[in-house]
Amino acid sequence: MTTTPTPARRHTVVDSPYGPLTLVATDGVLAGLYMTGQRHRPPEETFGARDPGPFAETVRQLDAYFAGDLTAFDLPLHLDGTPFQRSVWAELRRIPYGETRSYGELAERLGKPGASRAVGLANGKNPVGIIVPCHRVIGASGGLTGYGGGLERKQRLLAFERGTDDAVPALF
């Protein structure tokens, strides 16, 4: 009987304008970016040993993003999820910086026009927030709807990308 080796997991915590971010890598590839208090955040013991080594490029790109110098991330990702979830997360990465899409629009783009609720559920399980920009998804009416990192963070991220961040008070 052959056993599959357990993937090596490592993590680090970095500061951001939106509070501490926990970065998790599986076999050296970014697999998670979690905010404090985030819904669907895995238990800390699953993150592996603390080691900033695998995250130099992720931190560099996050710093450039938060400085307003980067509008699209170019990082390899290890995204664990169902095929449908991965298709939603791929579609999220196609939403341009500073723009939004509704859950229904994403469902249409995926060829599943009746699946806006399923898109919302997959969006909520996105393991790599900010980099896979689930904050850019809004309700059909244009209003802010659920966000695993909290609606305040979602509002601030959208305002930041639109260049109006100074109008939204810092909460973290």
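Parameters and conventions
Residues numbered from 1 in each chain as written. Predicted model: local features only at pLDDT ≥ 70, side-chain atom pairs only at ≥ 80, totals over all residues. Heavy atoms only, no water. 1 Å grid on protein atoms, 1.4 Å probe; cavity = no way out; pocket = protein on both sides within 12 Å on 5 of 7 lines; lining within 4 Å. Points joined across faces, edges and corners; volume = space filled by probe spheres on them. Helix = DSSP H or I, 4+ residues; strand = E, 2+ residues; numbered from the N terminus. Nonpolar A, V, L, I, M, F, W, Y, C, P; charged D, E, K, R; others polar. Buried < 20%, exposed > 50% of the residue type's maximum accessible area, 1.4 Å probe, protein only. Salt bridge = Lys/Arg side-chain N within 4 Å of Asp/Glu carboxyl O. Core = buried A, V, L, I, M, F, W, Y, C linked by side-chain atoms within 4.5 Å. Contact = heavy atoms within 4.5 Å. Pairing = 2+ DSSP bridges. Axes fitted to C-alpha atoms, helices over the stretch in contact; angles between N-to-C directions.

S.K.: Looking at this structure, I do not really get the layout of surface pockets. What am I missing?
M.R.: Empty space among the atoms can be located by rolling a probe the size of a water molecule over them. As a volume, the second largest pocket reaches approximately 230 Å³. Lining of the second largest pocket is provided by 14 residues; of these, Tyr34, Pro42, Asp80, Lys125 and Pro127 occupy positions nearest its centre. Examining the composition of the lining of the second largest pocket, we find that three residues originate from one element, strand 3 (residues 29–35), more than from any other. Class assignment for the residues of the lining of the second largest pocket results in four nonpolar, six polar and four charged.

S.K.: What is the right way to look at the environment of Lys154 in this model?
M.R.: Following the sequence through the fold, Lys154 ends up in helix 5 (residues 151–161). Residue Lys154 is classed as buried on the basis of its relative accessible area of 0%.

S.K.: What's the story with empty space enclosed by the protein in this structure? I'm lost.
M.R.: Applying the stated criterion across every chain, the model contains one cavity of 30 Å³ or more. What the largest cavity holds in volume is close to 30 Å³. Taken together, the residues of the lining of the largest cavity break down into two nonpolar, no polar and four charged.

S.K.: How do you make sense of unusual backbone geometry when you look at a structure like this?
M.R.: Outside of glycine, negative phi angles account for most residues, and trans bonds account for most peptide bonds. Look at Asp27: it is not a glycine, yet its phi comes out positive at around 50°. One can find Asp27 in the loop between strand 2 (21–26) and strand 3. If you check the backbone angles, Ile130 has positive phi at about 65° while not being a glycine. Within the secondary structure, Ile130 sits in the loop between helix 4 (116–124) and strand 6 (137–138).

S.K.: Mind showing me how you'd approach the pattern of salt bridges here?
M.R.: Side chains that differ in sign of charge can pair as their charged atoms come close. Under the defined criterion, the tally for this structure stands at six salt bridges. A salt bridge links Arg101 to Glu99; the shortest N-O distance between them is 3.1 Å. Overall, Glu99 belongs to the partly exposed group, its relative accessible area being 34%.

S.K.: Please clarify how the nonpolar core should be interpreted in this entry.
M.R.: In a soluble, globular protein the nonpolar side chains are often hidden away together inside. Leu62, Leu92 and Ile130 are the most contacted members of the largest nonpolar core, which totals 35 residues. Elements supplying a minimum of two residues to this core: strand 2, strand 3, helix 1 (56–66), helix 2 (83–92), helix 3 (103–109), helix 4 and helix 5. When near neighbours in sequence (up to four residues on either side) are disregarded, Leu62 contacts Leu21, Leu23, Leu33, Phe73, Ile130 and Ile131.

S.K.: Help me out: how do you make sense of the sheet that holds strand 1 (residues 9–14) in this one?
M.R.: Each strand in a sheet pairs with another by means of backbone hydrogen bonds, the pair being arranged parallel or else antiparallel. Read across the sheet, four strands follow the order 3-2-1-4 without closing on themselves; strand pairing throughout is mixed. Strands with a single pairing partner mark the edges of an open sheet, and in this sheet they are strand 3 and strand 4 (49–50). For strand 2 and strand 3, the ladder comprises six bridges, and the chain directions are antiparallel. The partner of Leu21 across the bridge, within strand 3, is Met35. The sheet strands contacting helix 1 are strand 1, strand 2 and strand 3, and the helix crosses strand 2 at an angle near 145°.

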